[in-house]
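Notes for the structure review
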Amino acid sequence: MADLELLTQYLARNVKHWRAVRGFTLDVLAARAGVSRGMLIQIEQARTNPSIGTVVKIGDALGVSITTLLDYEQGSKVRIVPAEDAVRLWHTDAGSYSRLLAGTEAPGPVELWEWKLMPGESSTSEPHPAGTVELLHVTSGELTLTVDATEYRVPTGASATFDANNSHTYGNQGDVPAVLVLAVSVPPVS
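Not measured: the values here are computed from a predicted model.

**Comments concerning the side chain of Ser 65**
Within the secondary structure, Ser 65 is located in the loop between α4 (52-62) and α5 (66-70). With relative accessibility at 0%, the residue Ser 65 sits in the buried group. Polar contacts involving the side chain of Ser 65 include one to the side chain of Thr 68, which spans 3.0 Å.

Next comes the structure, spelled out in structure tokens:
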């Protein structure tokens, strides 16, 4: 079975599971996530491969990480994620991408990402739930981080942290690829 098919099945199973754990109906989850009820039905029946934005919205609404939604194993307290198992969730033809490296629930979702942005490219994220914090470290190039319409330059070797409950954009206005490691901490659903 292809990786994408497996991920679609894991996502279907885990969205159903976490919706039941939270006691959410399809309508409640749809409203919390800003995703149509029809889309949730297709996801839970493994009939669609939703965008990364849709998966993020569902994870935020359920209070779980994307890793948890795509996880196919439960068990040991130590989990090694081989490089080939990191999930590429966004990419462009020019070579930009984001890879979900690992994640956990502690007590809310915590995710570790690798991002590569080619010159001239950017990716915008909608606001996350209140209390969400992002931390990043630029390993090469320069990141242009825009948070709530204010632009910040983050050069190689520098780090940044910000409250991610505002619209934010990761961009590369330079001439070389920008590579960064990003951690996202989402508060648990109350």
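**A few points about the nonpolar core**
Soluble, globular proteins show a tendency: their nonpolar side chains are buried together. By size, the foremost hydrophobic cluster in this structure holds 40 residues, and its most contacted members are Ile 58, Leu 69, Leu 136, Leu 143, Leu 145 and Tyr 170. Residue contacts for Ile 58: discarding those within four places in its chain leaves Val 15, Leu 29, Ala 33, Val 35, Leu 40, Ile 43 and Leu 69.

**A few points about the pairing of strand β9 (residues 168-171)**
Side chains His 168 and Tyr 170 project from β9 onto one buried face, and the interleaved Thr 169 and Gly 171 project onto a second face that is buried too. Strand direction decides the pairing type here: strand β4 (residues 122-125) and β9, joined by 4 bridges, are antiparallel. The residue bridging Ser 122 from the neighbouring strand is Gly 171, located in β9. In this sheet, β9 lies alongside strand β6 (residues 143-147) in antiparallel orientation, the contact comprising 4 bridges. Paired with Leu 145 across the bridge in β9 is Tyr 170.

**Side note on the environment of Thr 48**
Residue placement: Thr 48 occurs in the loop between α3 (37-44) and α4. Note on Thr 48: relative accessible area 18%, which makes it buried. Taking C-alpha positions, Thr 48 is 9.5 Å from Glu 5, a pair spaced 43 residues apart along the chain. The residues touching Thr 48, leaving out its near neighbours within four places in the chain, are Thr 8, Met 39, Gln 42 and Ile 43.

**A word on the confidence of the model for the protein chain**
Averaged over the protein chain, the pLDDT score is 87; the fraction of residues at 70 or greater is 91%. β9 holds the highest mean pLDDT among the elements of the protein chain, 96, whereas strand β2 (residues 97-105) holds the lowest, 77.

**Details of the environment of Val 176**
Of note, Val 176 is situated in the loop between β9 and β10 (178-185). Under the relative-accessibility criterion, Val 176 is labelled partly exposed at 48%. Considering only alpha carbons, one finds Val 176 and Leu 4, 172 residues apart in sequence, at a separation of 30 Å. Not counting the four nearest positions on each side in its chain, Val 176 is found in contact with Pro 119 and Gly 141.

**Thoughts on the environment of Ala 102**
Within the secondary structure, Ala 102 sits in strand β2. On the basis of relative accessibility, which here comes to 28%, the residue Ala 102 falls in the partly exposed class. Linking Ala 102 and Met 39, residues 63 residues apart in sequence, is a C-alpha distance of 26 Å.

**Considering the packing of helix α1 (residues 3-22) against α4**
It is at 10 Å that the axes of α1 and α4 come closest, and there the two elements cross at 25 degrees. Overall, the two elements α1 and α4 adopt an arrangement that is roughly parallel. Two packed elements cross with a definite hand, and for α1 against α4 that hand is left-handed. Of α4, the residues touching α1 (which contributes Leu 11, Val 15, Trp 18, Arg 19 and Arg 22) are Val 55, Ile 58 and Leu 62. Looking at the contact of α1 with α4 residue by residue, the class counts come to 6 nonpolar, no polar and 2 charged.

**Focus on the packing of aromatic side chains**
The relative placement of two aromatic rings is captured by the distance of their centres and the angle of their planes. Tallied over the full model, the rule gives 3 aromatic pairs. On the numbers, 5.3 Å between centres and 40 degrees between planes, the contact of Trp 90 with Trp 115 is tilted. Of the two residues, Trp 90 is situated in strand β1 (residues 87-91) and Trp 115 in strand β3 (residues 109-117); the sequence distance between them amounts to 25 residues. For Trp 90, a relative accessible area of 17% corresponds to the buried category. Where Trp 115 meets Tyr 170, the ring centres are 5.1 Å apart and the plane angle is 45 degrees; that geometry is what we call tilted.

How each quantity is defined
- Residues numbered from 1 in each chain as written.
- Predicted model: local features only at pLDDT ≥ 70, side-chain atom pairs only at ≥ 80, totals over all residues.
- Heavy atoms only, no water.
- Helix = DSSP H or I, 4+ residues; strand = E, 2+ residues; numbered from the N terminus.
- Buried < 20%, exposed > 50% of the residue type's maximum accessible area, 1.4 Å probe, protein only.
- Polar contact = N/O pair within 3.5 Å; in protein donor to acceptor, adjacent residues only side chain to side chain.
- Core = buried A, V, L, I, M, F, W, Y, C linked by side-chain atoms within 4.5 Å.
- Contact = heavy atoms within 4.5 Å.
- Pairing = 2+ DSSP bridges.
- pLDDT = per-residue confidence, 0-100.
- Axes fitted to C-alpha atoms, helices over the stretch in contact; angles between N-to-C directions.
- Parallel < 35°, antiparallel > 145°, perpendicular 65-115°, else oblique.
- Left-handed = near helix turned anticlockwise from the far one by under 90°.
- Nonpolar A, V, L, I, M, F, W, Y, C, P; charged D, E, K, R; others polar.
- Phe/Tyr/Trp six-rings, centres within 6.5 Å; stacked < 30°, edge-to-face > 60°.

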